[in-house]
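So the chains spell out like this:
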Amino acid sequence: GAVVSQHPSWVICKSGTSVKIECRSLDFQATTMFWYRQFPKQSLMLMATSNEGSKATYEQGVEKDKFLINHASLTLSTLTVTSAHPEDSSFYICSASEGAYEKLFFGSGTQLSVL
Amino acid sequence: QKEVEQDPGPLSVPEGAIVSLNCTYSNSAFQYFMWYRQYSRKGPELLMYTYSSGNKEDGRFTAQVDKSSKYISLFIRDSQPSDSATYLCGFTGGGNKLTFGTGTQLKVEL
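Summarised in this report is the structure supplied together with it. The model shown is predicted, which means the values in this text are computed figures rather than measured ones.

## Observations regarding the interface of chain B and chain A
(1) Moving on: Every contact between the two is made by 19 residues of chain B and, on the other side, 21 residues of chain A.
(2) Moving on: Of all residues in chain B, the largest losses of buried area upon contact with chain A belong to B:Arg41, B:Lys97 and B:Phe100, amounting jointly to 35% of the total for that side.
(3) Moving on: Counting across the interface, chain B meets chain A through 1 salt bridge.
(4) Moving on: Linking chain B with chain A are 6 residue pairs in polar contact (both at pLDDT 80 or more).
(5) Moving on: When contributions to the side of chain B that touches chain A are tallied by element, the ones reaching two or more residues are strand E4 (32-38), strand E5 (45-50), strand E9 (85-93) and strand E10 (96-100) of chain B.
(6) Moving on: Class assignment for the residues of the side of chain B that touches chain A results in 9 nonpolar, 7 polar and 3 charged.

Quick look at the structure:
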């Protein structure tokens, strides 16, 4: 299957700092990328959908100014958690699609811990 | 009624057992039915996807869809300790984005 690379795999930061997470599709062009958040023993919660070259579409309740998404090319999307606080600590996962939602490929996830 | 229901488990079985994982859904617009496997602190991995009622087999895995009952299943034959993970069902179609079940935690013991 297609490969989606996500970095970093884990990050620890101080409260108030910003953290950037990268998501790359390595062997296909991703017209759409998705960002999810997952709490322990819970399912994935969709945060936002990004299409290359356009603004991301955020799900209800997700702060646009807190979670900045940039999808500058067909192979790269970034999620920046701005002014992170302990409640932002979570597992963040990206996924990419060539165009069909039924064939989504996921990154390996990023564990964010805000002290 | 929740759009997708999945028993969270945990489900513990001995090595070699047949495992049955199930989900029900209520959205008639769903057209594609997926099963993902997620190891701890990793992203989900697509195991199987299908778009029609009936069975689809891939090695030790069989996905079953019953659209009339809005019920899908994943069977794992000859389960191995390496199958220990959380299994998520996923649904999409009719313009809907991917909707996940809550996941069933499976442990296969030696």
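## Examining the packing of aromatic side chains
(1) Moving on: Within this structure, the stated rule accounts for 13 aromatic pairs over all chains.
(2) Moving on: Between B:Tyr25 and B:Phe33, the ring centres sit 5.4 Å apart and the planes meet at 45 degrees, which makes this aromatic pair tilted.
(3) Moving on: For B:Tyr25, a relative accessible area of 6% gives the class buried.
(4) Moving on: The exposure class of B:Phe33 is buried, given its relative accessible area of 2%.
(5) Moving on: The rings of A:Tyr36, A:Phe106, B:Tyr36 and B:Phe100 are connected pair by pair, giving a single aromatic cluster.
(6) Moving on: Above the face of the B:Tyr49 ring, B:Lys56 is positioned so that its terminal group lies 4.7 Å from the ring centre.

## Describing the state of the cysteines
All names here are of chain A.
(1) Moving on: Within this structure, the stated rule accounts for 2 disulfides over all chains.
(2) Moving on: The side chain of Cys-23 participates in a disulfide bridge whose partner is Cys-94; the two sulfur atoms lie 2.0 Å from each other. With the S-S bond torsion at 80 degrees, the cross-link from Cys-23 to Cys-94 turns out right-handed. Of the two residues, Cys-23 sits in strand E3 (residues 19-25) while Cys-94 sits in strand E9 (residues 90-97), which places them 71 residues apart along the sequence. The pair Cys-23 / Cys-94 is uniform in exposure class, with both members buried.

## As for the environment of A:Ser50
Residue and element names in this part refer to chain A.
(1) Moving on: Along the chain, Ser-50 falls in strand E5 (residues 44-51).
(2) Moving on: Classification of Ser-50 by relative accessible area gives buried; the value is 1%.
(3) Moving on: Taking the C-alpha atoms as reference, Ser-50 lies 18 Å from Ser-108; in sequence the two are 58 residues apart.
(4) Moving on: Not counting residues within four places of it along the chain, the set of residues in contact with Ser-50 comprises Thr-31, Thr-32, Met-33, Ala-56, Ile-69, His-71 and Ser-77.

## A word on the sheet that holds strand E7 (residues 67-73) of chain A
Within a sheet, adjacent strands bond to each other through the backbone by hydrogen bonds, running parallel or antiparallel.
All names here are of chain A.
(1) Moving on: Across the sheet, which stays open at both edges, the 4 strands sit in the order E1-E3-E8-E7 with antiparallel pairing between neighbours. Lying at the two open borders of the sheet, with one neighbouring strand each, are strand E1 (4-7) and E7. Sheet twist, expressed as the mean angle between neighbouring strand axes with direction ignored, is 15 degrees.
(2) Moving on: Taken together, the 4 bridges between E1 and E3 define a ladder with antiparallel strand orientation. Along E3, the bridge assignment pairs Ser-5 with Arg-24.

## Concerning a nonpolar patch on the surface
(1) Moving on: On the surface, A:Trp10, A:Ile12 and A:Leu115 cluster together to form a nonpolar patch covering roughly 400 Å² of accessible area.
(2) Moving on: Of note, A:Leu115 is situated in the segment after strand E11 (110-114).

## Some points on unusual backbone geometry
(1) Moving on: The residue after A:His7, namely A:Pro8, is reached through a cis peptide bond having omega -5 degrees.
(2) Moving on: In this structure, A:Pro8 sits in the loop between E1 and strand E2 (10-13).
(3) Moving on: Each neighbour pair has its own omega, and for B:Gly9 with B:Pro10 the value is 10 degrees, a cis peptide bond.
(4) Moving on: Positive phi outside glycine occurs at A:Ser83, with the angle close to 45 degrees.
(5) Moving on: Positionally, A:Ser83 belongs in the loop between strand E8 (76-81) and E9.
(6) Moving on: Overall, A:Ser83 belongs to the partly exposed group, its relative accessible area being 33%.
(7) Moving on: Although it is not a glycine, B:Arg41 sits at a positive phi angle of roughly 60 degrees.

Rules and cut-offs
Residues numbered from 1 in each chain as written. Chains lettered and ligands numbered in written order. Predicted model: local features only at pLDDT ≥ 70, side-chain atom pairs only at ≥ 80, totals over all residues. Heavy atoms only, no water. Contact = heavy atoms within 4.5 Å. Buried area = accessible area lost by both parts, 1.4 Å probe. Salt bridge = Lys/Arg side-chain N within 4 Å of Asp/Glu carboxyl O. Polar contact = N/O pair within 3.5 Å; in protein donor to acceptor, adjacent residues only side chain to side chain. Helix = DSSP H or I, 4+ residues; strand = E, 2+ residues; numbered from the N terminus. Nonpolar A, V, L, I, M, F, W, Y, C, P; charged D, E, K, R; others polar. Phe/Tyr/Trp six-rings, centres within 6.5 Å; stacked < 30°, edge-to-face > 60°. Buried < 20%, exposed > 50% of the residue type's maximum accessible area, 1.4 Å probe, protein only. Lys NZ or Arg CZ within 6 Å of the ring centre and 35° of its normal. Disulfide = S-S within 2.5 Å. Pairing = 2+ DSSP bridges. Axes fitted to C-alpha atoms, helices over the stretch in contact; angles between N-to-C directions. Patch = residues over 30% accessible without salt bridge, like charges linked within 9 Å, V, L, I, M, F, W, Y side chains within 5 Å. Areas by Shrake-Rupley, 256 points an atom, 1.4 Å probe, with all protein chains shown as cover.

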